[in-house]
Amino acid sequence: MASYYSRPIIPLLGALILGIVIGSWAPDQCLWALPGAMAGAAGIIYGIASHSTVRTAPIILFIIAGYLSIQPWVTTNPPSHHVSRFATFTVWNITGLLNSSPWIDNDRQKFDLTVETLDNQSTSLQVTGKIRVNVEGHPLLELKMGDRVSFTGKIYPFRNFKNDGGFDYKRHMAFNGIYGSAYVKRKEIEVVKRDSQDGFSNRIERFRKIISHHIDLAYSKNDDARGVMKALIIGDRSGISDQMTDNFRKAGISHLLAISGLHVGIVATTSFFIFKWVLSWFQFFLWRAWTRKGAAILSIIPVLGYGFIAGMSPSTQRAVIMISVFLLTFLIHRDHEPFNTLAVAAMAILVIHPPSLFSISFQLSFGSVFFILYLLPRLWEPRKEDKSPFITRIKNMMLSSLWLSLSATLGTLLIVMHYFNQISFISPLANFILVPIVGFGVVPVGLFSAGLSLIVPELSLWGFKTSALIILPCLDLAGFLGELHFSAIKTITPSFLEMVCCYTIFLIIVTLKKRNEPVPKTKKIFFTLLIVATVTLGIDIAYWTYQRFLRSDFRITIIDVGQGTANLLEFPRGHVMLIDAGGFPDNSVFDIGKMVIAPLLWRKKIGSVETLVLSHPDSDHMNGMIYIAENFHVKEIWTNNESGNSLGYIQLMEVINRKNAELADFRILPRQHVINGVSLEIMNPPADFMGEKNNLNQRNNNNNSLVIRAVFGTLSILFPGDIESLAEKEMLSIHNEKLKTRIMIAPHHGSNSSNTFPFVEKVEPEFVIFTTGLNNRYKFPHPSVIKRYEDIGSKIFNTAHNGAIFISTDGKMLKIKPHVKN
């Protein structure tokens, strides 16, 4: 056990993390904490009194500390005066202080507001907590952190899309201290009081604005270069285009856009040598050999200052803390132990802000550094000098850079797959070329120029313009590498169990490979863990292989996409069909395909969607399909071939053409299909509907919806799109008795212009599912429609309340499971 505490911070950090995780999974269970803390304290007191080593008691205390520390962010029972209790769509006069400087997102000005009071005609309340305010209209408000503003509006609660394993947006915002949102027009905001104090936060923000302004002047003709330089120097990534972000991600160099140890290290190194040189002029420090110590202490000041100017993201915090700890080792004459220092940085961040544990930035930042420290010495050893020491050093530098990049890439591969569902094949090459150029060219010049912008602004422009000569070719190369068709592939989402097994196997193999003669007991433990992890991973792979390609049941998921429709059909033996894919009018605001449907498919280990079916080209059925067609292997697309003039339809057709997917001709598309035992029938529109539309002008997009009826054994289910009364009447005359169906998705989300009584009576569904958004502006489903289905005895589900509806059948037994039960 001696080695267990050779790095004492590491087990304590593990205990703290365990407590935070338990606290997030099982909140509001604090009664056990007091007796646990008492037991841990008693163990420590006993150890001190008996002069014995205390190991377990501190672990217990840190687990409890971690559990309690996360509770303010995850509790389901906030204080009665907390703003989250008033996010109920009630109209309030809201007054509060700006908690952040405003920023621009999708042509809206946004800021976080610490709410102080809520007033209306009947009450006045003092409250606590923050909300996010979205301001519409121009010109932009001149606001800064600390200003007090007032406006009238509603506080909207954050809502999750209720699908199995979906992203918990509500908790994500709570981890950032935000508990609701408000929307207000610019002219309706009143500035009650300007913040006249020149505090630390305002000074830092002013410095950031000065640097940002000079970058704007120097890069006025290149938006991407301007956005990347701001990300590199002050941590502001808001100006980077989606295309550039995607290129960097595909090339595996997204980490270049984050303030990291390289940036902070440059500041620390420069500061250290400057301070050492200055102190060497004073005999007082020379006689006491304090020049190095003094320089180390003084260097912490610019390191911290730069950290604040750079925004103190988790990666910046990690670098600042690690480098500060390293500088402090000069005072105590002890060697710098990197793993312990890394643990100190992680613990400091988690003590200050426990939710950081769940941020992607925290996990990638600490994961990459850990694997560099652990893997690099085990995968590569510097070459010994030969006849040409200079050439040897150059080779070692190049190989070191390559292996460092490879270590970070291998170490964070599963984390990247889990969050971004992507593997970059070009990453080692891109990092090998671009990291040295950006790290030792762009960043030093940029940092020096940023410093000059605060002292000699005129010279800073020359510095930033000089850095442009380096950064512009880098961006061109990053774009070229990212756009190569083989640069990256999309992947399924590895589960937590799979990640643990893979990391365990990988680390044990690397460890055993390095050790020539492991201690027998340690070797036995390693081999036991290796066998357990390998067997567990093998069982997991077998399970998912069966679920994807060998099972014999038919599965349908009515996905919660808000106000829209998306239906996932998983046929026996693995064929996948997606009927509609939801969508908002503007994908730049929120892309349902990217944020909701694709993650759900990847979690189900689905990488191919053999058939896409678009019922009709309305955004709430179509816009989510663009991302799916772009990022999944799609064999064929069924539509009614009715063209649309929206941007979404144009983009979808461009993707289909670029991917060479087969777009079926509706006029000759067979009306009957059998896919792995499931019968599909296209029941609407008629094959000649386009001619009828042109001649009679009686049809519209909704009535032209592709209507599909699927039958598997005793199960029948109808997907009617947005058909209205005209199409329902036409289907009654053509299909009549064939319309009787056990499960039906309500036409047009439950609109009263659809769901006519003759149609509902003829279909006579045992179950009806409304696909609507919560509190949608159309008031779907209409009360009269609900009553119509209730009168015929249908059991009703609604995605607005029940979330996703999961349906499965073996052809005989039927199982319907809502994500949220009524």
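Let us look at the structure shown here. Note that the structure is predicted; figures quoted are calculated from it, not measured.

With respect to the packing of helix H5 (residues 200-218) against helix H16 (residues 457-483)
(1) Moving on: It is at 9 Å that the axes of H5 and H16 come closest, and there the two elements cross at 55°. Classed by the angle they form, the pair H5 and H16 counts as oblique. Every pair of crossing elements has a handedness; the one defined by H5 and H16 is right-handed. Facing H5, whose interface residues are Ile211, His214, Ile215, Leu217 and Ala218, H16 presents Pro457, Ser460, Leu461, Phe464 and Lys465.

Section: the packing of helix H19 (residues 592-603) against helix H20 (residues 619-631)
(1) Moving on: Across the interface, H19 lies against H20 with an axial gap of 9 Å and an inter-helix angle of 50°. Classified by the interaxial angle, the pair formed by H19 and H20 is oblique. Both H19 and H20 take part in a crossing whose hand is right-handed. On the side of H19, the interface is formed by Gly593, Lys594, Ile597, Ala598, Leu601 and Trp602, while H20 contributes Gly624, Tyr627 and Ile628.
(2) Moving on: Of the residues assigned to the contact of H19 with H20, the class counts are six nonpolar, two polar and one charged.

A word on helix H2 (residues 33-50)
(1) Moving on: Look at H2: 25 Å from first C-alpha to last across 18 residues, which is about the 26 Å you get at 1.5 Å a residue.
(2) Moving on: The complete set of buried residues in H2 reads Ala33, Gly36, Gly40 and Gly47. One face of H2 carries all of its buried residues, which in axial projection span an arc of 75°. Those residues of H2 that are exposed and aimed more than 90 degrees away from the buried face are Leu34, Met38, Ile45, Tyr46 and Ala49.
(3) Moving on: If you follow the buried residues of H2, they end up packed against helix H3 (56-74).
(4) Moving on: The first or second residue beyond H2 is His51, which carries a positive phi of 55°.

Let's talk about the side chain of Ser453
(1) Moving on: Here Ser453 shows up in helix H15 (residues 427-455).
(2) Moving on: In this structure Ser453 touches Ile210, Ile211, His214 and Ser460, once residues within four positions along its chain are discounted.

A word on the sheet that holds strand S18 (residues 678-684)
(1) Moving on: In space, the seven strands of this open sheet follow the order S17-S18-S19-S20-S21-S22-S23, with mixed pairing throughout. Across the chains shown, the open sheet's two edge strands, defined by having one partner strand only, are strand S17 (672-675) and strand S23 (795-798). Each strand of the sheet is rotated relative to its neighbour by a mean of 20°, with strand direction disregarded.
(2) Moving on: Two strands pair when backbone bridges link them, and strand S22 (residues 767-770) and S23 are joined in this way by four bridges, in the parallel orientation. In the sheet register, Val768 faces S23, and the bridge partner there is Ile796.
(3) Moving on: Sitting on the sheet, helix H25 (residues 783-791) is in contact with strand S21 (743-745), S22 and S23, with an inclination near 165° to S22.

Reading the values: rules and limits
Residues numbered from 1 in each chain as written. Predicted model: local features only at pLDDT ≥ 70, side-chain atom pairs only at ≥ 80, totals over all residues. Heavy atoms only, no water. Axes fitted to C-alpha atoms, helices over the stretch in contact; angles between N-to-C directions. Helix = DSSP H or I, 4+ residues; strand = E, 2+ residues; numbered from the N terminus. Parallel < 35°, antiparallel > 145°, perpendicular 65-115°, else oblique. Left-handed = near helix turned anticlockwise from the far one by under 90°. Contact = heavy atoms within 4.5 Å. Nonpolar A, V, L, I, M, F, W, Y, C, P; charged D, E, K, R; others polar. Expected span 1.5 Å × (residues − 1). Buried < 20%, exposed > 50% of the residue type's maximum accessible area, 1.4 Å probe, protein only. Arc of directions from axis to C-beta. Pairing = 2+ DSSP bridges.

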